[in-house]
Amino acid sequence: MRYVVLLAFILCFTVRAPAQVHGQIQDASGSPVAGAQVSAHNSTDHTDQAFASAADGRFGIADLKPGHYQFKATKLGFADSPIVEADFAPGGNVTLNLTLGPHQGFLRRLTHAYAQDWHGTAANGPEPPRRALPSPLDSPPFPNSDWSYGGSPEIGAPDTNVPPLMEALYGGSNGDAWQQSRVKVYGWVEGSFNLSTSHDSNYPSAYDIFANRIEFDQGVLYVERIPDSVQTDHFDWGFHVTALYGTSYRFTTNLGYFSQQLLDEHRVYGFDPALEYIDLYFPQTAEGLSIRVGRFISIPGIEAQLAPNNYVYTHSLLYAVDPFTDTGVLGTVRLNEKLLLQLGVTASHDVAPWTKDAKPSATVCISYTFNQGNDNLYPCANGINRGRYAYNNLQMFDITWYHKFNKSWHMASEAWYMYQRDVPSVLGPLVPEKGTNGAHCSIGEIRCLAPEWAAVNYIEKELSAKNYISIRTDFLDDMKGQRTGFKNRYAEETLMWGHWVGSTILLRPEIRLDRAFDRRAYDNGTRQNQFQLAMDVIFKF
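Throughout what follows, the structure given in this document is the object of discussion. (Residues numbered from 1 in each chain as written. Predicted model: local features only at pLDDT ≥ 70, side-chain atom pairs only at ≥ 80, totals over all residues. Heavy atoms only, no water.)

1. A few points about the overall build of the protein chain
The number of helices and strands found in the protein chain is six helices and 25 strands. For the protein chain, the C-alpha atoms occupy an extent of roughly 105 × 55 × 50 Å along the three principal directions. Taking as baseline every contact in the protein chain between residues at least 6 positions apart, the subset at least 24 positions apart corresponds to 63%. Roughly 23,900 Å² of accessible area belongs to the protein chain as shown, and the carbon and sulfur atoms make up 61% of that amount. Side-chain charges in the protein chain split into 43 positive and 56 negative, and the spacing between the mean points of these groups amounts to 2 Å. (Helix = DSSP H or I, 4+ residues; strand = E, 2+ residues; numbered from the N terminus. Contact = heavy atoms within 4.5 Å. Areas by Shrake-Rupley, 256 points an atom, 1.4 Å probe, with all protein chains shown as cover. Lys, Arg positive; Asp, Glu negative; His and termini not counted. Charge placed at Lys NZ, Arg CZ, Asp CG, Glu CD.)

This is how it looks when you write it as structure tokens:
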């Protein structure tokens, strides 16, 4: 009886014993290739496993379920190996050598990177280490996988962005040097069109302020190095430079940074070096301290000037009139995986430090994530000083709330209150600064307080890895007309469908309805209602 039990145990173990494969990756000349990705696809249950080859080209994959497999080796700069098929019995051990194709030229590597992206055949390696709460969202289809905060890289999150241009560079003769430097060069181009009931201007709808036209919104080039904030051993650093050209430059223009293009020359298309900063990362301070020095996006809010960072093509009324970019120093410290604190000093909003309108201003923000990562609150007091009238010297108090309902539904809500003191009256003798509006003050007032408040809500539905729907509801009360030029209350409703081709092409058609409640404020003050069909296309490189 004991022998029967023992035999049954051995047979059971044999049936369940995993199979394994090992071998070597080589190039067309027979030389071993390090860092190649070996993928094993189980044709029976459609699961995948992957492993990277070692310095001598050798690889090994254990714990394979019995079944029929397809093996392929890939590496940037090489043509993929032919697919090799093999059957694995329980406990099997197979030796398998794979040969990569010859080196490819730059254009061929770039074309290959796009082809893999669009067809979903790019190799996926193991998940990199992470020192943060699990990401609540999928990106794509959404712009971000984590609840966003401004002014710092995501502390504790790995940098997994490898655009096609960098894939092509990594596969070249200097690829190892590019990867070791961690410097990336990439960007995108964005074009759009809209059909509107307005004839000349859609403003204060943004970014499609020109009605019934095809436009080149943005051509953006990034050069950056992101500090490694997952590690906790050593100081690290990074930098970022942005070059932006298109109609969108008017929404990044700062007084003193080539601002004559908009303020003096009223150009439709313009150039702006929208972001230039360095990042210093100190892992031993609390759970990580990032210090950003330079010009950066004004940190509160859901939306941003850079097109791929937004849910929807057009922007909310709330966004169209709030601060755009700041210049100064901002510290972001992670106190624990749920709580971050930000403190900064800037030259006030949308002005260069060397202009007469610059004023020392304080920024304080707190980011708190709770409910197992499904909720995030992000209140900010942004650009606070005495609040005296100057170019966009807005005193901004902002709060953002993100909430995830379930795997496919989440929302993002934001509200702010802003003001400036002593704004010149539109009925008085004082002339407002170029590029700004006066306030509709009470009769007899030469200057007055000009406040405004606004709120926006996004409802997001993930349909698939490549498709999502946005529903945006927005309200703005420009109480003295200083932001839009009209003392008015506004609302808008937008429905948008986002569709990805791979992770490099995004199409965002939308339907939008705007309403000005108190007076005609659209189409240069001739309409109270405005209806649009609009769409943009983003192509990343």
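2. Remarks on the state of the cysteines
A full pass over the atoms with the stated rule returns two disulfides. Between C365 and C380 runs a disulfide, and the two sulfur atoms are separated by 2.0 Å. When the S-S torsion is 120°, as for the bridge of C365 with C380, the disulfide is right-handed. With C365 in strand 17 (residues 361–370) and C380 in strand 18 (residues 375–384), this residue pair connects regions lying 15 residues apart in the sequence. (Disulfide = S-S within 2.5 Å.)

3. Observations regarding the nonpolar core
A general trend in soluble globular proteins is that nonpolar side chains are found buried together. Judged by nonpolar contacts, the single largest core of 62 residues is most densely connected at Y311 and W416. Ranked by residue count, the leading element in this core is helix 6 (residues 317–320), at four residues. If near-sequence neighbours (up to four positions away) are discounted, W416 is found in contact with L318, V321, D322, M396, F397, D398, E452, W453, A454 and L476. Listed in part, the 19 residues of the second largest apolar core include V33, V38, F78 and F88. (Core = buried A, V, L, I, M, F, W, Y, C linked by side-chain atoms within 4.5 Å. Buried < 20%, exposed > 50% of the residue type's maximum accessible area, 1.4 Å probe, protein only.)

4. Structural notes on the pattern of salt bridges
Taken as a whole and judged by the stated rule, the model has 24 salt bridges. Linking D272 and R295 is a salt bridge whose minimum nitrogen-to-oxygen distance equals 3.0 Å. One end of the pair, D272, is in strand 12 (residues 270–272); the other, R295, is in strand 14 (residues 289–297), with 23 residues separating them in the sequence. Overall, the relative accessible area of 1% leaves R295 in the buried class. (Salt bridge = Lys/Arg side-chain N within 4 Å of Asp/Glu carboxyl O.)

5. Let's talk about the sheet that holds strand 2 (residues 37–42)
The sheet built from four strands is open, its strands ordered 3-2-5-6 with antiparallel pairing. If you trace the sheet from one side to the other, it starts and ends with strand 3 (47–52) and strand 6 (84–88), each paired once. Taking each pair of neighbouring strands and ignoring which way they run, the sheet shows an average axis angle of 25°. Where strand 5 (residues 67–74) and strand 6 come together, five bridges link them in antiparallel fashion. Note that in strand 6 the partner of H68 across the bridge is D87. (Pairing = 2+ DSSP bridges. Axes fitted to C-alpha atoms, helices over the stretch in contact; angles between N-to-C directions.)

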